[in-house]
Structure formats: C-alpha cells, structure tokens
Amino acid sequence: MFGLFSYPKRRLRKLVKEGEYKEAVEFGKSLEEKNPNDADLLFIMGGLFYILKDAKPALNYFDRVLEIIGIDQETLLLKANVHVFLKEYDIAIECCNKVIEVNFDNMEAKNLLERLQNY
C-alpha cells in the first residue's frame, strides 16, 4: 500500500515546494479523505499549514501524526515552533524536552529550549 500512495505525496510535496499552497491544501485534503491515518501525509499537511502560519490546523495535523507514530523529533520540533508562534511557551518547552529525552544530542531542540528560557 505504501508504494501505491507515494506518488500523490510526491506531487503534494512538489506543490508545496513550488509555492502552490492553495492547490496543495485542496489536493492534500482530497488525499487525506482517502487515507486519514497516513502519518507522512499528515506531516506534510501540518508543514504546509506551518508555512502558511495557520497555527490551529498545523497543530491538529502534528498532533495526529504523534498519535499515530508516537514521539517523532521533527514533528515535535515543528509543533514546538507553532506553540512559540502562539506564545504558548510551556507547551513548546514540553515538546523540546520530549525531543531531548529521545535524542540528547538534538541541537535544534536544545537551541530552542535555550531561547525559550529567556521568555
């Protein structure tokens, strides 16, 4: 099943990369209807809304990814950045701490955590 679904996700990534955000949202939502538990697709959609600075749907997608696959460093870091954007620093700190628990050497999480301690 994974191989059968990978081409549409490549198209979605290409739309995002080319800045075709409206089309990417529409296409991504149509893919999501067919495969609502595809963590990779949900991550791409969360990233798309992150780019668009639309925090609520971005968080919704990132939370769904984490529900499906558990702790994921990239997802947690993007989620932390959305919470920083929303000035929800405590939640952002929690996300960073989860990343560091899994990978103590994750410099991105450490740097963000250091910045957050100044708020």
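Let me sum up the structure you'll find in this document.

Conventions we followed
- Residues numbered from 1 in each chain as written.
- Predicted model: local features only at pLDDT ≥ 70, side-chain atom pairs only at ≥ 80, totals over all residues.
- Heavy atoms only, no water.
- Axes fitted to C-alpha atoms, helices over the stretch in contact; angles between N-to-C directions.
- Helix = DSSP H or I, 4+ residues; strand = E, 2+ residues; numbered from the N terminus.
- Parallel < 35°, antiparallel > 145°, perpendicular 65-115°, else oblique.
- Left-handed = near helix turned anticlockwise from the far one by under 90°.
- Contact = heavy atoms within 4.5 Å.
- Nonpolar A, V, L, I, M, F, W, Y, C, P; charged D, E, K, R; others polar.
- Expected span 1.5 Å × (residues − 1).
- Buried < 20%, exposed > 50% of the residue type's maximum accessible area, 1.4 Å probe, protein only.
- Salt bridge = Lys/Arg side-chain N within 4 Å of Asp/Glu carboxyl O.

**Details of the packing of helix α5 (residues 73-85) against helix α7 (residues 107-116)**
Here comes step 1: Look at α5 against α7: their axes get within 11 Å of each other, and the N-to-C directions meet at 20°. When the axis of α5 is compared with that of α7, the two are roughly parallel. Considering only the axes of α5 and α7, their crossing is left-handed. For the pair formed by α5 and α7, the contact residues are L77, A80, N81 and V84 on the first element and E108, A109, L112, R115 and L116 on the second.
Here comes step 2: Of the residues assigned to the contact of α5 with α7, the class counts are six nonpolar, one polar and two charged.

**Observations concerning helix α2 (residues 21-34)**
Since the α-helix packs 3.6 residues into each turn, any two residues three or four apart lie on the same face.
Here comes step 1: When the terminal C-alpha atoms of α2 are compared, their 20 Å separation across 14 residues agrees well with the 20 Å that a helix rising 1.5 Å per residue should span.
Here comes step 2: Listing the buried residues of α2 in full gives A24, V25, F27, G28, L31 and E32.

**Some thoughts on the pattern of salt bridges**
Here comes step 1: One pass over the full model with this rule turns up seven salt bridges.
Here comes step 2: For the salt bridge of K9 with D40, the shortest nitrogen-to-oxygen distance reads 3.4 Å. Here K9, found in helix α1 (residues 2-17), pairs with D40, found in helix α3 (residues 39-51); they are 31 residues apart in sequence, far enough to count as distant.
Here comes step 3: Looking at D40, the relative accessible area reads 27%, which means it is partly exposed.
Here comes step 4: Close ionic contact of R64 with E32 constitutes a salt bridge, the shortest N to O distance being 2.5 Å. In this pair, R64 sits in helix α4 (residues 55-69) while E32 sits in helix α2, placing the two residues 32 residues apart along the sequence.

Any link to function would need more than the numbers given here.
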